[in-house]
Amino acid sequence: MAELSALSIVEAAKGLSARDFSAEDLANACIAEIGRRDGEIGAYVYVDEEGALSAARAVDQRRAKGEELSMLAGIPLGVKDLFNTRGVRTTCCSEIIRDFVPPYDAEVVGRLRELGAVCVGKTNMDEFACGASTEHSCFGVTKNPYDLSRVAGGSSGGSAAAVAANMCFYALGTDTGGSIRQPASLCGVYGFKPTYGRVSRSGVTAMASSWDTVGPFTRSVEDMALVMETISGHSRFDQTTPEKAVPSYLSVLGKEVKGLKIGLPKEYFGEGIEEETATVVRAAAEKLEKAGAEVREVSLPSTKYAVAVYYITMPAELSANLARFDGVRFGSKTSAEAENMVDFYAQTRGEGFGDEIKRRIMIGTYVLSAGYYDAYYKRAQKVRTVIIQDFERVFAEVDVLIAPVSPFPAFKIGELVDDPLAMYMADALAIPASAAGLPAFACPAGRSSLGLPIGLQIIAPQFGEERCFHVGSALERMS
Amino acid sequence: MLTEEEISHIAHLARLALTAEEKTRFGAQLSRILGYMDILKEVDVEKVQETSQVTGLANVMDEDIMHLSQTTPDELLAQSELPIDSHQIRVMRIIK
């Protein structure tokens, strides 16, 4: 059983095709693994055993009838609790919608379900995707499978941990300022942040609408290429997805890296970055150099402003997106009597939102308010342009960038939770690519002296996912 | 340093009921966080345009028709904890 849940998607798909085992076997294997390990890890907030088995049996029946099926048919996945799943509780890990059961699927969930994907459960996250450690969930902390005293990262910590611990074959998450890449790195799995607009966000609760992206976690590059090909593409329900064709990511795997120009941005290897992390990532770049790539140092001077840009514009957008949580159309309303609607809203939100949410809503409200808008919000939007220009300049010289994702491996639970600003700095290296809407592929790169996973990210120009897969695949072959 | 009055004002704009303890605690944290934002003053942005979004798309249009395959208005209304009346949600009187 345990061996089944450790397979890659591609291996499992081949096994299903060859009738070595059934989709029901795969679902049971994941459910068993969840039973065995999730008590101590806490990756899932809801396990839909009945739904998973029912979906798995349906796939087995379709296959028995001779229907040609997608490689993702019958493969169990975990879904971050930020994504609507029809008929299955979706909470964003917040008290304010703790009992919400959506009447429709998020678009990518619906698309996967149609193909026969088996949704095994909803994974833990920082409330409304606000965090870098999955310590801000109303359901408790998700622990790092490599060291249970440490965080799994965030905000998609549950998805990362579930994949790392073989409790599903892949998982969905979101990355706004690092929330796929950072937990992927901390948990030793692959995580892809696509180009902004590459994957539909319809049915996924919005955090910061000009930064949010949807992406997968997997245990191999081939699996990632398969899932990314499947979920990417234009959608009429998400107006930020352009009508751009999705190339075959699978077809670039295995290509040589000779002649490829790789940039190492010096600001990602300097002050504040743990030496072991920098060493491990540089070693990976050296391997590519030995294989014929040209590696050179580049500079992105605006890197140091990214956290400030993000923590002004993101809370501003968040405050607008969370205004809908007022106890009227959905979610819990205030438990106390309210004298008027304003009090009704204020009490509902005061009771329902966690501390980090309140902080961010207040920052957002402040920077958008009269008298402060120009000094904060407008200025931040301008510095965002400077960050974008830095990347444009650098991509005229190189094809991809390689850099660490996180300045440090998984930190101890409780270590940063009382210092919001220190927690924000955890995303300092992830934010810039998000500012420019660039694709960034987080890949395992090595381990720290304590045995903790260290990841790197491969950043490409917009819609340059193929370059990320090209390099990621080469690194996987060399490891 | 944010004053108590400023914190109360922000909380009111954001429709957040905060306890006195929260006002003090968040006030201190917010002051520190906003102080960090001063780093952006280092950047010369005089000739720089704001970035609102990175897609380059504008005026993306679609047909004005309802898509009922996923869910219906009544299913959506059923999500509310408040009373439903004539396909509308009944709330407290706003204009007295």
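Asker: Looking at this model, I keep getting lost on the overall build of chain A. Mind explaining?
Answerer: When you go through chain A residue by residue, the secondary structure sums to 16 helices and 13 strands. In terms of C-alpha radius of gyration, chain A reaches 21 Å, essentially the compact-globule figure of 23 Å for 479 residues. Along the first, second and third principal axes, the C-alpha atoms of chain A reach 65 × 55 × 45 Å. Looking at the 479 residues of chain A, the share that counts as buried comes to 65%. Across chain A, contacts joining residues at least 24 apart in sequence account for 76% of those joining residues at least 6 apart. Each charge class in chain A can be summarised by its mean position, and for the 49 positive and 61 negative side chains these summaries are 4 Å apart.

Asker: What is the right way to look at the confidence of the model for chain B in this model?
Answerer: Atom-level detail of predicted coordinates should not be read off regions where pLDDT is low. Residues at a pLDDT of 70 or more form 100% of chain B, whose mean pLDDT is 94. For this predicted complex, the interface score ipTM comes out at 0.96, alongside a pTM of 0.97.

Asker: Teacher, can you tell me more about unusual backbone geometry here?
Answerer: Negative phi values dominate among residues other than glycine, just as trans dominates among peptide bonds. Across the junction of Gly 154 of chain A and Ser 155 of chain A, the peptide omega takes the value 5°, indicating a cis bond. Summarising the element assignment, Ser 155 of chain A is placed in the loop between β5 (147-151) and α6 (157-164). The backbone of Arg 19 of chain A shows a phi angle near 60°, a positive value even though the residue is not glycine. Structurally, Arg 19 of chain A is set in the loop between α2 (9-17) and α3 (23-41). One non-glycine residue with positive phi stands out, namely Ser 86 of chain B, at about 50°. One can find Ser 86 of chain B in the loop between β1 (84-85) and β2 (88-89). Look at Ser 86 of chain B and you get exposed, because its relative accessible area is 54%.

Asker: How do you make sense of the environment of Leu 264 of chain A when you look at a structure like this?
Answerer: Residues and elements named next belong to chain A. Tracing the sequence through the fold places Leu 264 in strand β9 (residues 261-265). Here the alpha-carbon distance between Leu 264 and Asp 48, two residues 216 residues apart in the chain, equals 43 Å. If sequence neighbours within four positions are ignored, Leu 264 has contacts with Phe 269, Arg 282, Ala 285, Val 295, Arg 296, Glu 297, Val 298 and Ile 402.

Asker: Help me out: how do you make sense of the pattern of salt bridges in this one?
Answerer: It is possible for side chains bearing opposite charge to pair when their charged atoms get close. Scanning all chains against the criterion turns up 22 salt bridges over all chains. With a shortest N-O distance of 2.8 Å, Asp 419 of chain A and Arg 32 of chain B are connected by a salt bridge. Taken as a pair, Asp 419 of chain A in the loop between β11 (400-404) and α14 (420-425) and Arg 32 of chain B in helix α2 (residues 20-36) lie in two separate chains rather than in one. For Glu 21 of chain B, the salt bridge identified is with Arg 25 of chain B, shortest N-O distance 2.8 Å. You can see Glu 21 of chain B and its partner Arg 25 of chain B sitting in helix α2, four residues apart, about one turn around the helix.

Asker: Which parts of the structure should I look at to understand the side chain of Thr 91 of chain A?
Answerer: Residues and elements named next belong to chain A. With respect to the secondary-structure elements, Thr 91 resides in the loop between β2 (76-80) and α5 (107-114). On the accessibility criterion, Thr 91 (0% relative accessible area) is buried. A polar contact is formed between the side chain of Thr 91 and the side chain of Asp 81, at a distance of 2.5 Å. Within polar-contact distance, the side chain of Thr 91 engages the backbone nitrogen of Cys 93 at 2.8 Å.

Definitions and cut-offs
- Residues numbered from 1 in each chain as written.
- Chains lettered and ligands numbered in written order.
- Predicted model: local features only at pLDDT ≥ 70, side-chain atom pairs only at ≥ 80, totals over all residues.
- Heavy atoms only, no water.
- Helix = DSSP H or I, 4+ residues; strand = E, 2+ residues; numbered from the N terminus.
- Rg over C-alpha atoms; globule rule 2.2 N^0.38 Å.
- Buried < 20%, exposed > 50% of the residue type's maximum accessible area, 1.4 Å probe, protein only.
- Contact = heavy atoms within 4.5 Å.
- Lys, Arg positive; Asp, Glu negative; His and termini not counted.
- Charge placed at Lys NZ, Arg CZ, Asp CG, Glu CD.
- pLDDT = per-residue confidence, 0-100.
- Salt bridge = Lys/Arg side-chain N within 4 Å of Asp/Glu carboxyl O.
- Polar contact = N/O pair within 3.5 Å; in protein donor to acceptor, adjacent residues only side chain to side chain.

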